[in-house]
Amino acid sequence: QDALAIAGDAVFVAGTNEVTMVDVSDPAAMTAGTPFLTGDMGGNWMIDVEGTRLVGVTGSTIAVVDITDPSAPGAPSLLSVTNLQPGGIDLLGGELYVGTYSTTYGFAAFDCSSGTPVFDDGVVQPGHYFESVAVDLGGTAHVLTDDYGLATFDVSDPADISYLDADYIQAGGDMTDVALD
């Protein structure tokens with residue numbers, strides 16, 4: 001999640017103003033493709049891949065791109081989202097989960113299963129920002145927060161997200177990422 005996403009022999013690399021596919025079928029002779037999702041769309045891209053779909057998120061845009069042929073990504077379907085300010089993303093089951101620094105969205109879900117992103121629901125916890133996100137298959141999102149560690153949300157129905165709990169975690173400094181196996 002975030003700056004790199006892998007789909008077979010394709011590694012997608014996200015930057016400030018573009019995403020590029022790199023063919024790594026021969027790791028000793030990698031080949032970069034033509035950048036896509038180019039131009040200023042509100043900040044650094046965060047990306048994730050699921051199947052033949054790449055989802056990219058910036059401070060004000062969500063893009064869904066068909067990568068059936070990774071060397072020739074399809075035209076993006078874009079959703080303009082004012083004040084999104086993503087801190088972390090996870091794509092699971094066609095649903096994009098976004099932890100944000102936004103007082104508008106907080107922790108939010110967007111349905112990307114049709115190829116066109118649609119806002120489902122968001123939970124704002126006043127005074128808290130949400131960063132790295134990992135969602136398990138049981139319908140629980142695990143989200144790092146800016147100040148109290150790890151928060152959990154019930155996302156079994158993405159259209160009705162509910163806050164479950166938060167716990168301050170002492171991890172030897174600022175925590176930067178959360179991952180599930």
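To be clear, the structure that these remarks concern was listed above.
About the cut-offs
- Residues numbered from 1 in each chain as written.
- Predicted model: local features only at pLDDT ≥ 70, side-chain atom pairs only at ≥ 80, totals over all residues.
- Heavy atoms only, no water.
- Helix = DSSP H or I, 4+ residues; strand = E, 2+ residues; numbered from the N terminus.
- Buried < 20%, exposed > 50% of the residue type's maximum accessible area, 1.4 Å probe, protein only.
- Contact = heavy atoms within 4.5 Å.
- Areas by Shrake-Rupley, 256 points an atom, 1.4 Å probe, with all protein chains shown as cover.
- Core = buried A, V, L, I, M, F, W, Y, C linked by side-chain atoms within 4.5 Å.
- Pairing = 2+ DSSP bridges.
- Phe/Tyr/Trp six-rings, centres within 6.5 Å; stacked < 30°, edge-to-face > 60°.
- Polar contact = N/O pair within 3.5 Å; in protein donor to acceptor, adjacent residues only side chain to side chain.
- Axes fitted to C-alpha atoms, helices over the stretch in contact; angles between N-to-C directions.

**Re the overall build of the protein chain**
- Across its full length, the protein chain carries zero helices and 16 strands.
- In the protein chain, buried positions account for 45% of the 181 residues.
- Long-range contacts, defined here as pairs at least 24 residues apart, represent 37% of the contacts in the protein chain between residues at least 6 apart.
- Counting every atom, the protein chain has about 8,500 Å² of accessible surface; 50% of that belongs to carbon and sulfur.

**Quick notes on the nonpolar core**
- Counting 17 residues, the largest nonpolar core has F12, V19, L37 and L54 as its most contacted members.
- Secondary structure elements with two or more residues in this core: β1 (4–7), β2 (10–14), β3 (19–23), β5 (46–50) and β7 (61–66).
- With three residues, the single largest contributor to this core is β2.
- Among the nonpolar cores identified, the runner-up in size contains 15 residues, and V55, V64, V98 and A108 belong to it.

**Remarks on the sheet that holds β2**
- The four strands are arranged β1-β2-β3-β4 in an open sheet whose pairing can be described as antiparallel. One side of each edge strand has no neighbouring strand; the edge strands of this open sheet are β1 and β4 (31–32).
- The pairing of β2 with β3 spans five bridges and is classified as antiparallel. In the strand pairing of β3, A10 is matched with D23.

**Points about the packing of aromatic side chains**
- Counted according to the given criterion, the structure contains six aromatic pairs.
- On the numbers, 5.5 Å between centres and 80° between planes, the contact of F130 with F153 is edge-to-face. Of this pair, F130 sits in strand β13 (residues 130–135) while F153 sits in strand β15 (residues 150–154), and the two are 23 residues apart along the sequence.
- Exposure remark for F130: the relative accessible area of 0% places this residue in the buried category.
- Each member of the aromatic cluster is reached from another via a ring pair, and the members are Y97, F107, F130, F153 and Y163.

**Notes on the environment of T16**
- In this structure, T16 sits in the loop between β2 and β3.
- On the accessibility criterion, T16 (46% relative accessible area) is partly exposed.
- The sequence separation of T16 and A3 amounts to 13 residues, and the corresponding C-alpha distance is 9.9 Å.
- A polar contact of 2.9 Å, which involves the side chain of T16, links it to the side chain of N44.

**Description of the sheet that holds strand β14 (residues 140–145)**
- The strand order β13-β14-β15-β16 describes an open sheet built from four strands, whose pairing is antiparallel. Pairing within the sheet leaves two strands with one partner each, and these edge strands are β13 and β16 (162–167). The sheet shows a mean angle of 25° between the axes of neighbouring strands, direction not considered.
- Sheet topology places β14 next to β15; five bridges connect them, and they run antiparallel. For A141, the partnering residue across the bridge sits in β15 and is F153.

**Some points on the side chain of E95**
- One can find E95 in strand β10 (residues 95–100).
- A polar contact of 3.4 Å, which involves the side chain of E95, links it to the backbone nitrogen of D111.
- If near-sequence neighbours (up to four positions away) are discounted, E95 is found in contact with D90, A109, F110, D111, D120 and P158.

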